[in-house]
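# Descriptive analysis of the structure
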Amino acid sequence: MRFVLVNHCHPDMPHVCATRAREFAAALAAASHRVVLLTATLDGAPGDAVPLAERLVAHDWSRPFHLACAPRPSWTLDLLRGGAIPWPLRKALVAGYYWAMGGMFADWRAGSRAAWPVLAETFRPDAVWGVFGNTDAWLIARGIAARANCPWVGDVKDHWSTFIPSLLRAPLARRFADAAHITAFSQSHVDRLAPWFQQPKTVVYSGVSESLLAPPPDTRPRDGFRLVLTGSLYEDASLNALIDGIREWLSRRTAAERAEVSLVYAGTDRRRFAGAARSLEG
């Protein structure tokens, strides 16, 4: 089959936002499907100068075809996304962009638009996925699917209720009511989509290749009991609640048991973690 996957983050971006679509595309290609992965360009690089139709015809389909589309210049969106606009005005502009344009990356969508008819007519996808992320990935997926007369699927790797302003969640969801299906990162994502999306939903887990993992030990390492926290920390209240919970759990252990426990953080918010975890020292 032939699939188009739309994800804002370039597959070479050193960020988790690039991982799900990149690995999903690779897995589909490994299963002998033909896959186009459409993303934004990386660090302001220009798009490929070779005509898209020629590149599609010449491509080795044992691997995904990566199509990086450069956004059209938009100083307003650059300022808005960069946080340079004062908050009250920024809030109004964000609402306006969502209401009028459907998303905060209309510049990327505009830059990708020339590729839509070529993908529809030359590649002829059987289905198109848009990875949320952001609503513009869904708008691009829906636009390509409409031209190709095929279904489109909304993939959800980030919670709708976290990334869409509260007053816009229902109206924006109605714009995407024509999605044939929803795939989601976890059952939690599926459950939290229920108020806004009535389509059938399937969990498609993101994972780590077994080739990257060391063989598991037969028993837990003898050097203690490790708790590992990974990723971004977000709001302080959740971090402090976690630390309070660990402190409560430790209070029920013996001194010997407490001495065996370590808490490890793998992420970029190291200073915030160290400050919050200071109460656990010793």
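The structure this text deals with has already been given above.
Residues numbered from 1 in each chain as written. Predicted model: local features only at pLDDT ≥ 70, side-chain atom pairs only at ≥ 80, totals over all residues. Heavy atoms only, no water.

### Re the pairing of strand E4 (residues 127-132)
Across the six residues that make up E4, a large majority, six, are buried. Burial along E4 is two-sided: the face carrying Ala-127, Trp-129 and Val-131 and the face carrying Val-128, Gly-130 and Phe-132 are both buried. Here strand E1 (residues 2-6) runs beside E4; their pairing, made up of four bridges, is parallel. Its bridge partner being in E4, Phe-3 is matched across the sheet by Ala-127. Bridge count for E4 against strand E5 (residues 152-156) is five bridges, and the pairing is parallel. Opposite Val-131, over in E5, you have Asp-155 as the bridge partner. One crossover worth recording links E4 to the parallel E5 by way of helix H7 (residues 135-148), and it is right-handed. (Buried < 20%, exposed > 50% of the residue type's maximum accessible area, 1.4 Å probe, protein only. Helix = DSSP H or I, 4+ residues; strand = E, 2+ residues; numbered from the N terminus. Pairing = 2+ DSSP bridges. Right-handed = clockwise from strand over helix to strand, strands pointing away.)

### Notes on the side chain of Arg-169
Following the sequence through the fold, Arg-169 ends up in helix H9 (residues 169-175). Buried charge Arg-169 goes without a salt bridge, the closest partner of opposite sign being Glu-235 at 12 Å. Polar side-chain contacts of Arg-169 include one of 2.8 Å to the backbone oxygen of Ile-164. When near neighbours in sequence (up to four residues on either side) are disregarded, Arg-169 contacts Trp-160, Ser-161, Ile-164 and Trp-196. (Lys, Arg positive; Asp, Glu negative; His and termini not counted. Salt bridge = Lys/Arg side-chain N within 4 Å of Asp/Glu carboxyl O. Polar contact = N/O pair within 3.5 Å; in protein donor to acceptor, adjacent residues only side chain to side chain. Contact = heavy atoms within 4.5 Å.)

### Here we look at the packing of aromatic side chains
Enumeration over the complete set of coordinates arrives at 14 aromatic pairs. Seen from their ring centres, Trp-61 and Phe-123 are 5.3 Å apart, and the 25° between their planes marks the pair as stacked. Residue Trp-61 is found in the loop between helix H2 (52-58) and strand E3 (65-69), and its partner Phe-123 is found in helix H6 (residues 115-123); the two are separated by 62 residues along the sequence. Judged by centre distance (5.7 Å) and plane angle (55°), the rings of Phe-132 and Trp-138 are tilted. Exposure class is identical for Phe-132 and Trp-138. Each is buried. Counting every residue linked through ring pairs, the aromatic cluster contains Phe-132, Trp-138, Trp-152, Trp-160, Phe-176 and Phe-197. (Phe/Tyr/Trp six-rings, centres within 6.5 Å; stacked < 30°, edge-to-face > 60°.)

### Remarks on the environment of Arg-55
By secondary structure assignment, the location of Arg-55 is in helix H2. Along the chain, Arg-55 and Phe-65 lie 10 residues apart, while their C-alpha atoms are 8.9 Å from each other. Discounting residues that sit within four places of it in the chain, Arg-55 has contacts with Asp-48, Val-50, Phe-65 and Leu-67.

Functional significance is not addressed by these values, which are geometric in nature.
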